[in-house]
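The primary structure of each chain is shown beneath.
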Amino acid sequence: MTMDNIVLALLIGAGCGLAFGIPITRRSISKEKIHGGLPAHVFHYIGAAAFVGVLPTVLASLILRGGFSVALPLAFSMLAASFGALFLFALVERPARPQTAPEDTGWTKEDAQTSGL
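Residues numbered from 1 in each chain as written. Predicted model: local features only at pLDDT ≥ 70, side-chain atom pairs only at ≥ 80, totals over all residues. Heavy atoms only, no water.

### Thoughts on the overall build of the protein chain
Thought 1: Counting its regular elements, the protein chain contains five helices and zero strands.
Thought 2: Going residue by residue from the N terminus, the α and β elements of the protein chain occur as α-α-α-α-α.
Thought 3: Relative to the globule expectation of 13 Å for 117 residues, the C-alpha radius of gyration of the protein chain, 22 Å, shows a markedly less compact shape.
Thought 4: By its C-alpha atoms, the protein chain is 80 × 30 × 20 Å across when sized along the principal axes.
Thought 5: Considering only contacts within the protein chain whose residues lie at least 6 apart along the sequence, 76% involve residues at least 24 apart.
Thought 6: Roughly 8200 Å² of accessible area belongs to the protein chain as shown, and the carbon and sulfur atoms make up 69% of that amount.
Thought 7: Of note, the protein chain has its 8 positive side-chain charges centred 13 Å away from the centre of its 7 negative side-chain charges. (Helix = DSSP H or I, 4+ residues; strand = E, 2+ residues; numbered from the N terminus. Rg over C-alpha atoms; globule rule 2.2 N^0.38 Å. Contact = heavy atoms within 4.5 Å. Areas by Shrake-Rupley, 256 points an atom, 1.4 Å probe, with all protein chains shown as cover. Lys, Arg positive; Asp, Glu negative; His and termini not counted. Charge placed at Lys NZ, Arg CZ, Asp CG, Glu CD.)

In structure tokens form, the structure reads like this:
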């Protein structure tokens, strides 16, 4: 497989990822709001787009007769890009999220003895 076919497979995967990443990102945001601002939205979109682009990249490289020796490294590189972007998203998003109330630990033996009930 020539370098042109590898680049073509990556472009096909990236194009599909960018196109299908938009509805996936919108659906994800509708389920859980993002609090980290524009950087968090950008990293979230890049991570989703890279993850969605894995399958089209692999299929394109196999159709272009690259074989698994080309498809697997391309797939792992797309997964690594997705992981890196989502890791950066988590770094930006975590401090921006509102703090939740501490979890109730329940009724303890000491609470029962001091309650006067």
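### Things to note about helix H2 (residues 37-52)
Thought 1: Taking 1.5 Å per residue as the helical rise, H2 with its 16 residues ought to reach 22 Å, and the 23 Å between its terminal C-alpha atoms agrees with that figure.
Thought 2: Listed in full, the buried residues belonging to H2 are Ala40, His44, Gly47, Ala48, Ala49, Ala50 and Val52.
Thought 3: Looking at the buried positions of H2, the neighbouring elements they touch are helix H1 (3-31), helix H3 (54-63) and helix H4 (68-96). (Expected span 1.5 Å × (residues − 1). Buried < 20%, exposed > 50% of the residue type's maximum accessible area, 1.4 Å probe, protein only.)

### Topic: the packing of H1 against H2
Thought 1: Close contact between H1 and H2 brings their axes to 8 Å; oriented N to C, the two are set at 125 degrees. It follows that H1 is oblique to H2 by the angle criterion. You can see that H1 and H2 cross each other, and the crossing is right-handed. Of H2, the residues touching H1 (which contributes Cys16, Gly17, Leu18, Phe20, Gly21, Ile22, Ile24, Thr25, Ser28 and Ile29) are His41, His44, Tyr45, Ala48, Ala49 and Val52.
Thought 2: Of the residues assigned to the contact of H1 with H2, the class counts are ten nonpolar, six polar and no charged. (Axes fitted to C-alpha atoms, helices over the stretch in contact; angles between N-to-C directions. Parallel < 35°, antiparallel > 145°, perpendicular 65-115°, else oblique. Left-handed = near helix turned anticlockwise from the far one by under 90°. Nonpolar A, V, L, I, M, F, W, Y, C, P; charged D, E, K, R; others polar.)

### With respect to the packing of aromatic side chains
Thought 1: Scanning the model with the defined rule gives one aromatic pair in all.
Thought 2: Consider the rings of Phe83 and Phe87, whose centres lie 6.3 Å apart with planes at 25 degrees: the pair is stacked. Note that Phe83 and Phe87 are positioned in helix H4 at a spacing of four residues, about one turn of the helix. (Phe/Tyr/Trp six-rings, centres within 6.5 Å; stacked < 30°, edge-to-face > 60°.)

### Concerning the environment of His41
Thought 1: Within the secondary structure, His41 is located in helix H2.
Thought 2: On the accessibility criterion, His41 (32% relative accessible area) is partly exposed.
Thought 3: Taking the C-alpha atoms as reference, His41 lies 28 Å from Leu8; in sequence the two are 33 residues apart.
Thought 4: In this view, His41 contacts Ile29 and Ile34; residues no more than four positions away in its chain are not counted.

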